[in-house]
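Chain and residue survey
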Amino acid sequence: MLDAIIIGGGHNGLACAFYLARAGLKVRIHEAREIVGGAAVTEEFAPGFRNSTASYTVSLLQPKVIADMALERRGYRVIERQLANFLPLSRAEGDCLRLGGGLAATQTEIARLSQKDAAALPEWYAMLERVAGVLRSLALKIPPNVEGGLAAMIDAARQARGLAKLPLGAQREALAMFTRSARELLDDWFESDAVKAAFGFDAVVGNYASPDTPGSAYVLLHHVFGEVNGKQGSWGHVVGGMGRITQLMAEAAREAGAEIVTGTPVEQVLVERERAVGVRLAGGEEVRARRVIANCGPLPLFERLIPGEHLPADFALAIDRFKAGSGSLRMNVALAGLPRFACLPEDGAHLTAGIIMAPSLDYMGRAYRDAREQGFSQRPVVEMLIPSLVDDSLAPEGKHVASLFCQHCDPELPETREQDAVEAVLETVEHFAPGFRQLVSHQQVHTPRALEAKFGLARGDIFHGRMSLDQLWAARPALGAGNYRMPLKDLWLCGAGTHPGGGVTGAPGHNCARAILRSRKWWRH
Ligand SMILES: Cc1cc2nc3c(=O)[nH]c(=O)nc-3n(C[C@H](O)[C@H](O)[C@H](O)COP(=O)(O)OP(=O)(O)OC[C@H]3O[C@@H](n4cnc5c(N)ncnc54)[C@H](O)[C@@H]3O)c2cc1C
């Protein structure tokens with residue numbers, strides 16, 4: 001008899017399988033696709049051109065998970081960005097902003113736009129670091145269960161200590177970051193539109209919202225609690241693409257004793273006497289296990305895989321009200337050469353940065369309103385990365401691949417209008433980098449609908465569910481079920497729809513395994 005079946009071999013499912021197998025449990029992953037990795041995969045999208053299909057840059061992957069799964073020994077290598085971000089602001093020569101390469105360099109660059117903003121920069125980074133430190137301290141902790149009585153209250157108090165220990169001023173900053181809009185936050189710190197855009201971009205990534213939406217400042221914060229090679233807040237490129245992470249994780253999980261079966265979508269969770277007892281695979285085969293762990297999001301799990309009558313009514317209602325849906329459209333393009341930006345036409349480190357085509361918060365707000373009103377933005381927010389500049393395993397010599405990560409596209413945009421949304425993306429890049437379209441030899445497009453069809457992401461939600469205060473920590477996916485244990489016996493959730501949420505972190509998988517191991521009785525694996 002299996003001790004656990006995991007539905008889905010995304011990076012969290014793989015991490016969870018690894019920890020359980022390492023503790024001696026008999027674990028099997030059933031993954032719907034032919035490859036493991038979920039949204040962290042590298043695939044060939046045109047002959048000779050490979051790239052990360054969805055998720056494309058790393059920072060949040062927890063150092064403990066990297067160490068426990070011995071990923072570095074297995075070949076995990078991250079190249080830090082020389083420059084964090086490059087923002088072409090218009091087509092006029094020199095009208096751009098470069099962030100990164102050290103505090104002094106960034107200050108010099110920002111001083112061209114605003115002396116005041118350059119002076120504010122060290123304290124801004126220090127503030128982000130103070131608040132991100134709280135998130136970091138919570139990432140690998142199991143949130144308390146609000147129904148858990150005295151033990152849960154003690155646990156909650158212990159976890160809140162990190163926040164309570166901060167000076168009052170820093171607590172106020174944290175409160176602002178959890179509740180305010182990105183614009184309100186950034187207006188308090190900076191005066192230059194371009195500087196606000198550079199920092200505000202993270203607030204709309206995967207968040208179908210405007211920078212004016214209350215709570216959008218938190219999404220910004222969620223993007224800075226990671227690190228690359230020990231450098232906090234940095235982002236980098238995994239050699240071989242994001243799929244390299246999950247291939248190595250799968251190797252670690254298998255080595256620990258886990259079994260991984262790809263191409264086996266789970267159609268239903270089997271429930272008997274109010275317990276999850278196994279799964280039925282597409283094709284009809286039934287597999288039984290002592291517990292079922294879902295790596296898919298809460299919505300696909302509770303809306304499709306478990307008949308509603310097995311859930312407590314209050315929980316079914318909470319799930320019914322769970323918010324999910326990103327306005328993200330993800331493209332990969334094969335390029336015959338490097339793009340040239342009108343504002344900075346020569347080659348250079350700026351091409352290795354996250355290139356953000358969204359020069360102001362107003363631009364981002366307009367992109368959101370466009371999508372709400374017309375289904376997609378005429379001038380979308382586009383981040384471009386050209387990983388083949390630092391990783392020659394991705395494209396033939398002299399050629400390149402670029403990731404285009406674009407917001408906003410309505411998750412319900414009719415298929416008949418998708419091509420128009422793609423055109424708007426290509427035209428936006430063309431505007432800043434004239435001649436770009438001529439370089440494109442192949443393209444791969446994932447609208448929110450396609451992300452749902454390929455990866456099972458509800459309404460294309462890149463985080464498995466909105467990252468707002470009402471859906472975080474002990475309330476992710478719902479209050480009373482924030483400790484990975486779902487309100488059906490022997491059913492657990494280990495994906496991004498649990499604390500600490502989306503991104504390639506490994507944390508939900510790690511924490512869920514820990515919660516399961518703690519819950520074990522000595523007579524039952
Ligand atoms: C376009 C895009 C860009 C992103 N960019 C970044 C980025 O640059 N950096 C970053 O850190 N994060 C990024 N993210 C977010 C990050 O990739 C996700 O939050 C993360 O991959 C979630 O991991 P997971 O293991 O919880 O779930 P997933 O990666 O969603 O994996 C779930 C797995 O379950 C499988 N599954 C679902 N239903 C079933 C079923 N019924 N039967 C069997 N298997 C099933 C799926 O096939 C999938 O393999 C991005 C996501 C997207 C979509």
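For the structure itself, consult the block above.
Criteria and cut-off values
Residues numbered from 1 in each chain as written. Predicted model: local features only at pLDDT ≥ 70, side-chain atom pairs only at ≥ 80, totals over all residues. Helix = DSSP H or I, 4+ residues; strand = E, 2+ residues; numbered from the N terminus. Expected span 1.5 Å × (residues − 1). Buried ≥ 20, exposed ≤ 12 C-beta atoms within 10 Å, placed from the backbone. Arc of directions from axis to C-beta. Contact = placed C-beta atoms within 7 Å. Near = placed C-beta within 6 Å. Nonpolar A, V, L, I, M, F, W, Y, C, P; charged D, E, K, R; others polar. Pairing = 2+ DSSP bridges. Axes fitted to C-alpha atoms, helices over the stretch in contact; angles between N-to-C directions. Parallel < 35°, antiparallel > 145°, perpendicular 65-115°, else oblique. Left-handed = near helix turned anticlockwise from the far one by under 90°.

Moving on: helix α14 (residues 361-374). Each turn of an α-helix holds 3.6 residues, which means side chains three or four residues apart point in the same direction. Taking 1.5 Å as the rise per residue, α14 with 14 residues should run 20 Å; its terminal C-alpha atoms sit 20 Å apart, in good agreement. What α14 keeps buried is the set Leu361, Met364, Ala367, Tyr368 and Ala371. End-on view of α14: buried residues confined to an arc of 120°, all on one side of the axis. The secondary structure elements touched by the buried residues of α14 are α8 (182-189), α9 (193-204), β17 (376-385) and β18 (400-409). Just downstream of α14 lies Gly375, where phi reads positive at about 95°.

Moving on, we get to the site of the ligand. Close to the ligand lie 39 residues, the nearest being Gly8, Gly10, Gly38, Ser55 and Gly495. For the shell around the ligand, the leading source of residues is helix α1 (residues 11-22), giving 3 residues. Looking at side-chain class alone, the shell around the ligand contains 20 nonpolar, 16 polar and 3 charged residues.

Take the sheet that holds β18 next. In spatial order, the strands read β7-β6-β16-β17-β18-β15-β19; together these 7 strands make up an open sheet with mixed pairing. Looking at the sheet topology across the chains shown, the edges are occupied by β7 (96-99) and β19 (440-446). Averaged over all pairs of adjacent strands, the angle between their axes in this sheet comes to 20°, without regard to strand direction. In the sheet, strand β16 (residues 354-357) pairs with β17 via 3 bridges, with the strands oriented antiparallel. Bridging across to β17, Met357 finds its partner in Val382. Across the sheet, α9 is in contact with β6 (85-88), β7, β16, β17 and β18; its angle to β6 comes to roughly 115°. Across the sheet, α14 touches β17 and β18, and the angle it forms with β17 is around 130°.

Moving on, we get to the environment of Glu418. As for its position among the elements, Glu418 is in helix α15 (residues 418-432). Classification of Glu418 by C-beta neighbours within 10 Å gives partly exposed; the count is 19. In this structure the C-alpha to C-alpha distance between Glu418 and Gly375, which are 43 residues apart in sequence, comes to 9.2 Å. The residues contacting Glu418, other than those within four sequence positions of it, are Leu413 and Thr447.

In terms of strand pairing, strand β3 (residues 42-46) meets strand β4 (residues 49-52) through 4 bridges, oriented antiparallel. Bridging across to β4, Glu44 finds its partner in Arg50. Connecting β3 to the antiparallel partner β4 that follows it, the hairpin turn spans 2 residues, and Gly48 within it adopts a positive phi of roughly 85°.

Moving on, we come to the packing of helix α5 (residues 115-139) against helix α6 (residues 149-164). Where α5 meets α6, the axes come as close as 9 Å, and the angle between the chain directions of the two elements is 160°. Comparing their axes, α6 and α5 come out roughly antiparallel. As α5 runs across α6, the sense of the crossing is right-handed. Across the interface between the two elements, Val134, Ser137 and Leu138 from α5 touch Gln159, Gly162 and Leu163 from α6. Taken together, the residues of the contact of α5 with α6 break down into 3 nonpolar, 3 polar and no charged.

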